[in-house]
Amino acid sequence: MNNLSFTSFFGNSGVKERLISLIENNKLPHAIILEGEKGLGKKTLAKIIAAAAVCRNEGQRPCGVCSQCIKAQAGSHPDISFIEGTGKMGGIPVDYIRKVRGDAYIVPSEAEKKVFILVDADNTGVAAQNAFLKVFEEPPKFSVFIITCESSANLLETIRSRAVAFTLAPVSTDEVINAVNGQGIQCEPDILNQAAIVSGGNIGKAIASLNDNKFILINQSVSDLVQGLVSPTEAQLLTALHLLEKDRDLARSVLDSFELCLRDALCAKCEGSGQLGANPEATAAIVRYINTKQILSLLENLEKISLPLDRFTGMPLAMTYACALMRKSVGK
Ligand SMILES: [Zn+2]
């Protein structure tokens, strides 16, 4: 693993500069929210901030070499705690929060600060958030709380208003490629390039898709979907979609990738561009068999199709719904 340092964190230079400046001036807020979609590195950044908070170096923090940084890096620092949610929804239970409240008032064991990282707090219930608010309102001076979430809108306003929020954005395709190379993942340059484009600037997503050859599976699934869409009967499209039922993340990735192909096809039709983007085979089939009006309708319907995937609707139902809307878009 890379050293925990701001320089090893790719992209989001504005967020990093703000954090570095706060740390240099000893003004690290006691409550920080890191928001952004899954895969953008919120937890990694939280670890870097935590290491900076416990680091003993006078200059740049985290220094990566002091005893505190080494423990932070190893995940064994006694003053850094991770609080993760449980269950299907991943919310942090109220009794976990009560424990944090108790621990937060006990002085740190080794460092000057004590850091609590509440991971992926989006689905944390109101009771738990209210319990947390008590320590948030009058925090001990040595405590730092870092909440990571996809959107701070999922947190109570009373929590949001007491924290400093940093929003992580997707990075450039080149930065995704550099980050993946930095992880030592072996893959063909073409595949890496395609995976970086399909990830939409999300390093975590690109790495996940390249691990276990998932990227190849995604590409194949998109091709199957396009084949199904141009087929005269419903069966082929239904089969392609129902194959995605067991894996909600895969289904999301396939639909994201399909959307990119539709956009690439649209550009190819409008501008006559020869560039067929991340999935040339599927994009070429779209250009050939699906007209512009149908592509626009598919793009519009993809938003409706994606909604049930984020709402924990049953997957068979979500995929049947997707099939009906997609076929409607292409006039079937
Ligand atoms: Zn250090």
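Cut-off values and rules
- Residues numbered from 1 in each chain as written.
- Predicted model: local features only at pLDDT ≥ 70, side-chain atom pairs only at ≥ 80, totals over all residues.
- Helix = DSSP H or I, 4+ residues; strand = E, 2+ residues; numbered from the N terminus.
- Axes fitted to C-alpha atoms, helices over the stretch in contact; angles between N-to-C directions.
- Parallel < 35°, antiparallel > 145°, perpendicular 65-115°, else oblique.
- Left-handed = near helix turned anticlockwise from the far one by under 90°.
- Contact = placed C-beta atoms within 7 Å.
- Nonpolar A, V, L, I, M, F, W, Y, C, P; charged D, E, K, R; others polar.
- Core = buried A, V, L, I, M, F, W, Y, C linked by C-beta atoms within 7 Å.
- Buried ≥ 20, exposed ≤ 12 C-beta atoms within 10 Å, placed from the backbone.
- Domains from an automatic or database assignment.

Visitor: Where do I start with unusual backbone geometry in this structure?
Guide: A negative phi holds for most residues other than glycine; trans holds for most peptide bonds. Of note, the bond from Arg61 into Pro62 is cis; its omega dihedral lies within 30 degrees of zero at -5°. By the element assignment, Pro62 lies in the loop between helix H2 (42-54) and helix H3 (67-74). Residue Asp120 is not a glycine yet carries a positive backbone phi of 50°. The topology assignment puts Asp120 in the loop between strand E3 (114-119) and helix H5 (126-137).

Visitor: Explanation requested: the packing of helix H12 (residues 248-271) against helix H13 (residues 280-289) in the structure shown.
Guide: It is at 9 Å that the axes of H12 and H13 come closest, and there the two elements cross at 55°. In terms of axis orientation, H12 runs oblique to H13. For the pair H12 and H13, the crossing hand works out as right-handed. Mapping the contact onto sequence places Cys261, Leu262, Asp264, Ala265, Ala268 and Lys269 in H12 and Ala282, Thr283, Ile286 and Val287 in H13. Along the lines of polarity and charge, the residues of the contact of H12 with H13 split into 7 nonpolar, 1 polar and 2 charged.

Visitor: Explanation requested: the nonpolar core in the structure shown.
Guide: If you look at soluble globular proteins, the nonpolar side chains tend to sit buried side by side. Grouped together as the largest cluster of nonpolar side chains are 87 residues, with contacts concentrated most on Ile49, Ala50, Ala51, Val54, Val115 and Ile146. Per element, the largest residue contribution to this core is 9 residues, and it comes from H2. Each of domain 1 (6-167) and domain 2 (173-329) contributes no fewer than three residues to this core. Ignoring anything within four residues of it in the chain, the contact list for Ile49 reads Leu19, Ile32 and Ile146.

Any link to function would need more than the numbers given here.
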